[in-house]
Amino acid sequence: MYFPQLSTPRQSRVTVSRFLGLDRRPRGQEGSFREMENLCADGYPTLTVRRPRGVAGSAVSPGGLTVKEGLIWVDGHTLYINGSAAGLVLSEGRKQLISMGAWLLIWPDKAYINTKDLTDFGSLENKRVTEGEVSFALCRPDGTVYSGYLAADEAPEEPEAGSLWLDTGGDETALRQYGEDGWMEVDDVCVGLHAAGIGVGFRAGDGVSVSGCREEALNGSFQLRAAEEDCLVVTALPGGLSSQTEPVTVERSVPDMDYVVESGNRLWGCKYGIVDGQAVNAVYASKLGDFKNWNCFAGLSTDSYAASRGSDGKFTGAADYLGSPLFFKENCVERVYPSANGAHQIVTVQCPGVKDGSGGSLQVVDGKLYYHSQGGVCVVDGSMPVNVSQALGEARYHDGMAGAAEGCYYLSAADEAGAWHLLVLDTRQGLWYREDGVEALGFAPWGGDLYCLTAEGQLLAMKGAGETHEGPVQWMAETGEMGLDAAESRYLVRLSLRLLPEAGSTVRAWLSYDEGGSWQPAGSLEGAGRVQACTLHIRPRRCRQLRLRLTGRGGCRIYSLSAVYEKGSDGP
């Protein structure tokens, strides 16, 4: 008697040894994960748990972070440089910190500090209002007073050589000097404004506005020719020079700006909105090498710069890229082409711009500019922007803040439900990873690490620098639906994971069957510190499709995932 022979069902094996990070699209790439937490690109192509972060400090009311020769951050009203409080007192709130040589500029406070000499700090603006008598005198540009001149409508009779005459009879007042050729006009005549303390905080070359003078010719915008504590010299020639006791106001102002960057030894900024009752949509630049002066227009290549723009909408971000200041709106970018002779040009390019609220997402990584737009993360390499965040799926984020280190773009942003995510793009491999829910106020690379100032006030070393570290990292990786990538019906017989958990760490496997909402335990192991001893075999129940979730505590590296499939019936 013979029993009938049964054929062995054909089995197939699929092995993944190259893990492709986060991919939330309906059909992600093989080796990618639908959800993850605290995984990173450090061990690519393996799947690796990020290193524990270092804790470098804390802030009660964090307001901003940057780096020069050390970390600089804002805590409430105080600026900390290398951990030491500076004497500069700031307003409450978030700050833009801009570096220009040894100087640090703080917006919107319009303040500065010399990081080489912490006693040198103050406001970019200056305003003096006189008290008491104000006198005026004709003088040379260096402040030397002209004396002995006669003010009259007609020329003096029988003048001597070198005599001075202030001609008030024509349409314009002129100072003339008698010589061999008769009365010749004196060039470059100035007026000195003399009053107690009128020149405190000013210096020669400052662009100022003067108001309150009886003589209208002395009211307006001027570039100071000389400045002393009790005297200012401006280029003007009024018809009269009588002294006065009414207050005179001299002010050096800086325009209100939404975003400020440094480029080509100038500060550049932009503003959209209502200022002093006037609609403003403009780009500004400071005087060359002088961050205090924004109103110097003497026809020189080093002058300040201001230009109104025709594009609609508020400015959403700014960056210096390839030597050009870029000012973004949501649907375009205003690109400045600086000129050595001062004839700067601005070109408006219609393209996906920075999303409103994500002005902090602009970062240069390996020579390319990345930023968060309405449609996702874009990259610019000198041409038009290209979207690089398709793997993040249909989720939409806002309020992005970004940093860059070792070829990775770190983006902290909130989703539509208000939950925060720290998403990391390995730009060299083009792969996304999710770390955790950090809400970042700023990033700064320093000392081989990337530092992050969080909204909770922690100053974190993202790569683990420092002596104090967080505890063992809790991590998770979840696949999409497995078993849908073949036309014929088949079911999963076995899953095998080859991995290396650190000694003392744990790994657990969970399965969810046929789009179920619950997770069932499917195995676990503890780290032994040896790859050959750490293979996790998972035998699921028979199903058409399933999802695999791995969770763990402590460091771990996954080398491969093998799935053995067996052909099933074609019935429902």
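Parameters at a glance
- Residues numbered from 1 in each chain as written.
- Predicted model: local features only at pLDDT ≥ 70, side-chain atom pairs only at ≥ 80, totals over all residues.
- Heavy atoms only, no water.
- Helix = DSSP H or I, 4+ residues; strand = E, 2+ residues; numbered from the N terminus.
- Rg over C-alpha atoms; globule rule 2.2 N^0.38 Å.
- Buried < 20%, exposed > 50% of the residue type's maximum accessible area, 1.4 Å probe, protein only.
- Contact = heavy atoms within 4.5 Å.
- Areas by Shrake-Rupley, 256 points an atom, 1.4 Å probe, with all protein chains shown as cover.
- Pairing = 2+ DSSP bridges.
- 1 Å grid on protein atoms, 1.4 Å probe; cavity = no way out; pocket = protein on both sides within 12 Å on 5 of 7 lines; lining within 4 Å.
- Points joined across faces, edges and corners; volume = space filled by probe spheres on them.
- Axes fitted to C-alpha atoms, helices over the stretch in contact; angles between N-to-C directions.

Student: Mind laying out the overall build of the protein chain, listing which residues take part and the relevant values?
Tutor: In terms of helices and strands, the protein chain carries 0 helices and 51 strands. On C-alpha atoms alone, the protein chain measures out to a radius of gyration of 34 Å, which is more than a quarter above the 25 Å that the 2.2 N^0.38 rule sets for 572 residues. On the principal axes, the C-alpha backbone points of the protein chain span a range of 150 × 45 × 35 Å. Buried positions account for 50% of the 572 residues belonging to the protein chain. Sequence-distant contacts, at least 24 apart, represent 58% of the contacts inside the protein chain between residues at least 6 apart. Accessible surface computed for the protein chain: about 26,800 Å², of which carbon and sulfur atoms make up 46%.

Student: Could you give an account of the pairing of strand S10 (residues 96-100), naming the residues involved and the relevant values?
Tutor: Two strands pair when backbone bridges link them, and S10 and strand S11 (residues 103-107) are joined in this way by 5 bridges, in the antiparallel orientation. For Leu97, the partnering residue across the bridge sits in S11 and is Ile106. Hairpin connection from S10 to S11: 2 residues lie between these consecutive antiparallel strands, with Gly101 at a positive phi of about 65 degrees.

Student: Explain the layout of surface pockets residue by residue, including any values.
Tutor: Empty space within the largest pocket amounts to approximately 1,300 Å³. Lining the largest pocket are 44 residues, with Leu97, Gly359, Gly360, Leu362 and Gln363 sitting closest to its centre. Mapped onto the lining of the largest pocket, the elements with two or more residues apiece are strand S6 (62-67), S10, strand S26 (259-263), strand S30 (317-321), strand S34 (363-365), strand S38 (397-405) and strand S42 (440-446).

Student: An account of the sheet that holds strand S45 (residues 474-478) is requested, with residue identities and associated values reported.
Tutor: Hydrogen bonds between backbone groups are what pair the strands of a sheet, and the pairing can be parallel or antiparallel. The strand order S2-S45-S50-S47-S48 describes an open sheet built from 5 strands, whose pairing is antiparallel. The open sheet has two edge strands, strand S2 (35-37) and strand S48 (520-526), and neither has a second partner. Recorded for the sheet is a direction-independent mean angle of 15 degrees between the axes of neighbouring strands. Sheet topology places S2 next to S45; 3 bridges connect them, and they run antiparallel. Paired with Glu35 across the strands is Glu478, a residue of S45.

Student: Please give an account of the sheet that holds strand S7 (residues 71-75) that cites residues and values.
Tutor: The strand order S6-S7-S8-S9 describes an open sheet built from 4 strands, whose pairing is antiparallel. Every other strand in the sheet has two partners, leaving S6 and strand S9 (84-89) as the edge strands with one partner each. Pairs of neighbouring strands in the sheet enclose a mean axial angle of 20 degrees, with direction left out of account.

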